[in-house]
Amino acid sequence: MKLTKFTHACVRLEKDGKVLVFDPGNFSETDQALAGADAVLVTHEHADHIDVDAVVAALLAGTSLQLYAPSGVAAQLRGKVPDAAPRIHTAVPGGDFETAGFAVRCFGGQHALIHPQIPVVANIGYFVDSNVYHPGDSFIVPDGVDVRTLLVPVHAPWNKVGEVVDFVIGVRAPTAFPIHDALLNDNGRGIVEGHVTRFGAKYGTEYRHLSSGDSVEV
C-alpha cells in the first residue's frame, strides 16, 4: 500500500487502484486527500477530523463513495445528503467490514478525556488490512492483532508526551508515523519525536517522521 500523510490527522491509502482516506479534517488538504477516493473512514465528530462541507461535496460528487463513521457523524451526514444515505455506514467498536478492497476492523469506543467538563464523544480506531492502525483521538491499543504500521497522535489537548511514548510501547508496531501534529511548532515536534524515537527503538518500533504530502510504501 502507498500511504500519504496530509496535515494533521488525515491519511490516504492507495492499493490496487483503490483509495481509502482517514479523517479528512479542516486542518488538512481535503481536496487532495479526497480526490478519487473510494472510501472514507471518520474516527469522530471533531472538525479537525471531519470537514463536513468537504465530505458532503465528495459524497455528492462520487456516487460510489462509501463512508464509515460513529453513529452521530453518520446520522448528521445522512441528514445533509439523503441521496447518499445507503453509502453512509455506522462503525461500531468490535465491528469489521470490507470496503473498496480494504479489510477494516474497528476498535475503541470513546474519545480520550480532555477535561471532566468537556463531554466525551464517540471515537473509532480503524485497523486496515492487518497493517495500518489509525486510533483517532485515543490511545486504545487494539487487542488480538499485530499492528505493522502505527499512526501516532503525537500532540493534542488530550495527551502528554509520556502517554504518547506508552502508546507506542504498548502497540509495539515495527513502524510508526506521526499524525495529529498541526498544533506543534518545530521546537515542540523535535522534543516529542525525540522521545518517541528513542523509547520506541528500545521496544522494537522504528519511528519515522513524515511531513504533509510525504508518501511511503507500507
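Residues numbered from 1 in each chain as written. Predicted model: local features only at pLDDT ≥ 70, side-chain atom pairs only at ≥ 80, totals over all residues. Heavy atoms only, no water.

> Explain the pairing of strand β7 (residues 96–99) to me, using residue names and the numbers behind them.
The two faces of β7 differ: F97 and T99 on one face are buried, but D96 and E98 on the other face are not. Here β7 pairs with strand β8 (residues 102–110) via four bridges, running antiparallel. Across the sheet, residue F97 finds its bridge partner in β8, namely V104. The antiparallel pairing of β7 with β8 creates a hairpin that spans two residues between the two strands, and A100 there sits at a positive phi of about 55°. (Buried < 20%, exposed > 50% of the residue type's maximum accessible area, 1.4 Å probe, protein only. Helix = DSSP H or I, 4+ residues; strand = E, 2+ residues; numbered from the N terminus. Pairing = 2+ DSSP bridges.)

> Give a description of helix α3 (residues 71–80) that names residues and reports values.
Taken together, the buried positions of α3 are occupied by V73, A74 and L77. Buried residues along α3 cover an arc of 100° about the axis, so they all sit on one side. Residues of α3 that are buried in the fold lie against α2 (52–61), β5 (66–69) and β6 (88–90). (Arc of directions from axis to C-beta. Contact = heavy atoms within 4.5 Å.)

> Go over the sheet that holds strand β3 (residues 18–22), please, and point to the residues and values.
Spatial ordering of the open sheet is given by β6-β5-β4-β3-β2-β1-β14, a layout of seven strands whose pairing is mixed. Across the chains shown, the open sheet's two edge strands, defined by having one partner strand only, are β6 and β14 (215–217). Strand-to-strand, the axes of this sheet are offset by a mean angle of 20°, without reference to chain direction. Taken together, the three bridges between strand β1 (residues 2–5) and β14 define a ladder with antiparallel strand orientation. Bridge assignment links K2 to a residue of β14, and that residue is E217. Running over the sheet, α3 touches β5 and β6 and is turned about 155° from β6. (Axes fitted to C-alpha atoms, helices over the stretch in contact; angles between N-to-C directions.)

> Would you mind going over the side chain of D38 in detail, with residue names and values included?
Mapping D38 onto the fold places it in the loop between α1 (30–34) and β4 (39–41). As a buried residue without a salt bridge, D38 has its nearest oppositely charged side chain in K18, at a separation of 4.1 Å. Polar side-chain contacts of D38 include one of 2.8 Å to the backbone nitrogen of V19. Setting aside its immediate chain neighbours within four residues, D38 contacts G17, K18, V19, S64, L65, Q66 and A100. (Lys, Arg positive; Asp, Glu negative; His and termini not counted. Salt bridge = Lys/Arg side-chain N within 4 Å of Asp/Glu carboxyl O. Polar contact = N/O pair within 3.5 Å; in protein donor to acceptor, adjacent residues only side chain to side chain.)

> Provide a residue-level description of empty space enclosed by the protein, including the pertinent values.
Scanning the entire structure with this criterion turns up one cavity of 30 Å³ or more. As for the largest cavity, its lining consists of H46, H111, A112, L113, I114, I118, P119, V120 and V121. A per-class count over the lining of the largest cavity returns seven nonpolar, two polar and no charged. (1 Å grid on protein atoms, 1.4 Å probe; cavity = no way out; pocket = protein on both sides within 12 Å on 5 of 7 lines; lining within 4 Å. Points joined across faces, edges and corners; volume = space filled by probe spheres on them. Nonpolar A, V, L, I, M, F, W, Y, C, P; charged D, E, K, R; others polar.)

> I'd like a rundown of the environment of A176, residues and numbers included.
Considering the arrangement of structural elements, one finds A176 in strand β12 (residues 175–179). Given a relative accessible area of 0%, A176 falls into the buried group. For the pair A176 and T30, spaced 146 residues apart in sequence, the C-alpha separation works out to 23 Å. Setting aside anything within four residues of it in sequence, one finds A176 in contact with L150, V152, T205, E206, Y207 and R208.

> With reference to specific residues and values, describe unusual backbone geometry.
Positive phi outside glycine occurs at D16, with the angle close to 50°. Structurally, D16 is set in the loop between β2 (11–15) and β3. Despite not being glycine, S130 shows a phi value in the positive range, around 50°. By relative accessible area, which is 49% here, S130 ends up partly exposed.

> How would you explain the pattern of salt bridges if you had to name every residue and give the values?
Tallied over the entire structure, the rule returns four salt bridges. Measuring nitrogen to oxygen at the nearest pair gives 3.2 Å for the salt bridge that ties D181 to K5. With D181 in the loop between β12 and α5 (186–202) and K5 in strand β1, this residue pair connects regions lying 176 residues apart in the sequence. Each of the two residues, D181 as well as K5, counts as buried. The shortest N-O distance in the salt bridge between D181 and R189 comes to 3.2 Å.

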